[in-house]
Amino acid sequence: MSSIQVKDLSIKFRIYHDRSPSLKQTFANIFNRKKVSSFSEIWAIKNLSFYIKAGDRVGIVGHNGAGKSTLLKALCRVYELSEGNISVAGRITPLLEMGAGFNSEFTGRENIYLNGSILGYGKQQLKKIEPEVIAFAELEEFIDAPVKYYSTGMYMRLAFSLATAMHPDILVLDEIFAGGDAAFMAKAKTRMYDLIDKANIMIMVSHDHLLVKALCNRVLWLDHGQLIADGTPDDVIERYLASRK
Amino acid sequence: MMSARFVSFLSELYGSRSVLQQLIAQQLILRYRRTLLGYLWTLINPLLMITAMALVFSSLFKADLKTFVIFLLTGMIPWNFFSSVVTQCSTAFISNEGLIKKIYLPKVIFPLSVAFVFLIDSLLALAALLILIPLVGGSLSWSLLFLPVSFVLLFLFSMGLGLIMAIVTVYFRDLQYVIMIVTQGLFYLTPILYKSDALTGKVTWLVKLNPVTPFIALFRVPTIDGTVPGITILVWAASIAVATMAAGLFVFLRHEKNIVFRL
């Protein structure tokens, strides 16, 4: 059974006012003790605690910069925690950005193996899903052409098909619904719902409140890195929308 | 604390070996895609350059061309590996920023894949050298079996320095250009074009202190002299290699989790 326990999580970012500190500046600062700090620190996440149990479908809402994506990235281990801890039981697959690690010089087929290995699939697994991915992306004719010759739609279809080819225990989604023509969108939606259905836990960030209401049974509302509310979608989203007026 | 980190570092590295493989393949495939001679360029390029250098310097030093070519090659193979790994590792994290910010991967695979690519290049160059030696009238001796040890030590040394460069360059972007200049200068302070004992004058002690010098000997002695390197050189090189690798791992393990905020 999958679960996610987040305890007193804080993540601190440094915002640099100028460029990255140069070698010269660092040397200057060694001798010049009363240095002016060239960055300010902000807490993207501050003292966040929650528990997600198996079967939960969690939506995260909040303004831009509320820390939603930062939280997802922390769950997927991209960001190091400044304080607190996260313990995850189960295999997480992030669908944060599709086509991360695609190489435009590579053919579609080569990218399946490159991107697939980055997503954590083994070679044998990839061999097994390769025909299905190509078929779903409708790229049979072009799969051995470099993806730099692909149209945006073709590229998106391949990235989407590959990213959704495996069923993870814990699914993490950040505002993604595939592009492409209407027919593909419909097909992709079915596939995505199927993926969500089979996932043990689903966590998504979305500004589409209808979608969150439709897919989630629980909503977290974040503001300035802090948890404002945690409850049923109808209740939390209503309060969130009311606060914006 | 540090040793626990090291253990999890190794197990993660093992877990992501297929990504490592893919990254290496990516670099190898892309380099010569759509070229006629393809991977042969890896050999043609340095061989032509070394031939040109040999022509110039053998006449300059009034040395026999054939023996000078072999002499030069045995110095250039370890040098090229060392300088390529150190300079290319420095941008390993920066050029993979997009990936590092989007998905979790053990970060060591980026510099490591760079090092493996150059290791493959060097092994090919070595194969070419072994073919060349009998052609110019030299002989192959059993001492060549020592070369794997030379490669291991050279790899540890270069990779250790590469790890440090990769991390530090994230914080100080100027370093990637400084390294290029420094390695170019270091080339002349390393006994590649000349024999280390043929040197007289003020810079002799600099060449002796140069940490790359013993690694050149590790390649040159087995190939040219036909003997196993002496124990002093071996111990000296091994100490430098292990110390550099340890320093590299230390710096890397301390900072690997912070670089994502600075990319």
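Conventions adopted
Residue positions are given per chain, counting from 1 as you read along its sequence in written order. Chain letters and ligand numbers both follow the written order, the letters beginning at A and the numbers at 1. Only residues with pLDDT of 70 or above have their local features reported here, since the model is predicted, and side-chain atom pairs are shown and tallied only from 80 upward, although totals for entire chains, interfaces and linings are computed over all residues. Secondary structure counts use DSSP, requiring at least four H or I residues in a row for a helix and at least two E residues in a row for a strand, with both numbered from the N terminus. With C-beta atoms placed from the backbone, a residue counts as buried when 20 or more other C-beta atoms lie within 10 Å of its own, as exposed when 12 or fewer do, and as partly exposed for counts between those limits. Placing a C-beta atom from the backbone of each residue, one calls two residues in contact when those atoms lie within 7 Å. Computation of the radius of gyration draws on C-alpha atoms alone. For the globule rule, the value is 2.2 Å times the number of residues to the power 0.38. Pairing between strands requires that DSSP locate at least two bridges from one strand to the other. Simply put, an axis is a line fit to the C-alpha atoms, just over the touching stretch for a helix, and the angle between two N-to-C directions goes from 0 to 180 degrees. Each residue gets one label: Ala, Val, Leu, Ile, Met, Phe, Trp, Tyr, Cys and Pro are nonpolar, Asp, Glu, Lys and Arg are charged, and the others, such as Gly, are polar. Note that domain bounds follow an automatic or database assignment of domains. By this rule the span expected of a helix is its residue count minus one, scaled by 1.5 Å. Among buried residues, those of type Ala, Val, Leu, Ile, Met, Phe, Trp, Tyr and Cys that are joined through C-beta atoms within 7 Å form a set called a nonpolar core. If an angle is under 35 degrees, it is roughly parallel; if it is over 145, roughly antiparallel; if it lies from 65 to 115, roughly perpendicular; otherwise it is oblique. A clockwise turn of the near helix away from the far one marks a right-handed crossing, whereas an anticlockwise turn of less than a right angle marks a left-handed crossing.

1. Quick notes on the overall build of chain A
On a plain count of helices and strands, chain A comes out with eight helices and nine strands. For chain A, the residues scored as buried account for 38% of the 245 residues in total. The long-range share in chain A, meaning contacts at least 24 apart out of those at least 6 apart in sequence, stands at 74%.

2. So, the overall build of chain B
Regarding its fold elements, chain B presents 11 helices and zero strands. For chain B, the α and β elements follow one another from N to C terminus as α-α-α-α-α-α-α-α-α-α-α. The C-alpha radius of gyration of chain B comes to 19 Å, within 12% of the 18 Å expected for a compact globule of 263 residues. With respect to the three principal axes, the spread of C-alpha positions in chain B is 55 × 45 × 35 Å. Every one of the 263 residues in chain B was classed for burial, and the buried ones make up 35%. Relative to all contacts within chain B whose residues are 6 or more apart in sequence, the contacts with residues 24 or more apart total 76%.

3. Things to note about the sheet that holds strand 1 (residues 3-16) of chain A
Backbone-to-backbone hydrogen bonds join strands into a sheet, with any given pair of strands oriented parallel or antiparallel. Residue and element names in this part refer to chain A. Taking strand neighbours across the sheet as the criterion, the three strands line up as 2-1-4 in an open arrangement whose pairing is antiparallel. Edge positions in the sheet fall to strand 2 (39-52) and strand 4 (83-89), since each of these pairs with one other strand and no more. Each neighbouring strand pair of the sheet contributes to a mean axis angle of 25 degrees, computed without reference to strand direction.

4. Considerations on the interface of chain A and chain B
Contacts between chain A and chain B engage 23 residues on the former and 22 residues on the latter. Within the residue set of the side of chain A that touches chain B, elements represented by two or more residues are strand 1 and helix 3 (108-118) of chain A. Examining the composition of the side of chain A that touches chain B, we find that four residues originate from one element, helix 3 of chain A, more than from any other. Along the lines of polarity and charge, the residues of the side of chain A that touches chain B split into 11 nonpolar, six polar and six charged.

5. Topic: the pairing of strand 7 (residues 201-205) of chain A
Residues and elements named next belong to chain A. Counting buried positions over the five residues of strand 7 gives five, a clear majority of the element. Here strand 7 shows a buried face lined by I201, I203 and V205 and a second buried face lined by M202 and M204. In the sheet, strand 3 (residues 57-61) pairs with strand 7 via four bridges, with the strands oriented parallel. Residue pairing across strands places V58 opposite I203, the latter belonging to strand 7.

6. A closer look at the domain arrangement of chain A
Residues and elements named next belong to chain A. The domain boundaries assigned to chain A delineate domain 1 (3-90 + 205-244) and domain 2 (95-199). Taken together, the contacts link 11 residues of domain 1 with seven residues of domain 2. Among the elements that line the side of domain 1 that touches domain 2, the one with the most residues is helix 2 (residues 68-75), at four residues. A class-by-class count of the residues in the side of domain 1 that touches domain 2 yields seven nonpolar, three polar and one charged.

7. Focus on helix 11 (residues 231-255) of chain B
Taking 1.5 Å per residue as the helical rise, helix 11 of chain B with its 25 residues ought to reach 36 Å, and the 36 Å between its terminal C-alpha atoms agrees with that figure. The inward-facing, buried residues of helix 11 of chain B abut helix 7 (147-171) and helix 10 (213-225) of chain B.

8. As for the nonpolar core
Core analysis: the largest hydrophobic core is formed by 125 residues, its most contacted members being A159 and V172 of chain A together with V85, A115, L154 and F215 of chain B. Sorting elements by how many residues they give to this core places helix 7 of chain B first, with 14 residues. Here this core spans two domains, and each of domain 1 (3-90 + 205-244) and domain 2 (95-199) of chain A adds at least three residues to it. Other than its neighbours up to four places away in sequence, A115 of chain B contacts V85, C89, F155, S158, M159 and G162 of chain B.

9. Considering the packing of helix 10 of chain B against helix 11 of chain B
Residues and elements named next belong to chain B. Direction vectors running N to C along helix 10 and helix 11 enclose 125 degrees, while the axes themselves pass 9 Å from each other. Classified by the interaxial angle, the pair formed by helix 10 and helix 11 is oblique. In terms of crossing hand, the pair formed by helix 10 and helix 11 is left-handed. Contacts between helix 10 and helix 11 involve P214, F215, A217 and L218 from the former and I233, W236, A237 and I240 from the latter.

10. Re the environment of F142 of chain A
Residues and elements named next belong to chain A. In this fold, F142 is placed in the loop between helix 4 (123-137) and helix 5 (152-163). Residue F142 is classed as partly exposed on the basis of its 19 C-beta neighbours within 10 Å. If we skip the residues at most four places from it in the chain, F142 touches G108, Y150 and M154.

11. Observations concerning the sheet that holds strand 7 of chain A
Residue and element names in this part refer to chain A. Taken in spatial order, the six strands line up as 5-6-7-3-8-9 in an open sheet, and their pairing is mixed. A single partner strand is all that each edge strand has here, and the edge strands are strand 5 (92-95) and strand 9 (226-231). Across the sheet, the axes of successive neighbouring strands diverge by a mean angle of 15 degrees, strand direction being ignored. Inspection of the sheet shows strand 8 (residues 218-223) paired to strand 9 by five bridges, in the antiparallel sense. Pairing of W221 across the sheet is with A229, part of strand 9.

12. Quick look at unusual backbone geometry
All names here are of chain A. The phi dihedral of E138 is positive, around 55 degrees, even though this residue is not glycine. The exposure class of E138 is partly exposed, given the 18 C-beta atoms found within 10 Å. In this structure, H224 takes a positive phi of about 50 degrees despite not being glycine. Tracing the chain through its elements places H224 in the loop between strand 8 and strand 9. Given 15 C-beta atoms within a 10 Å radius, H224 is considered partly exposed.

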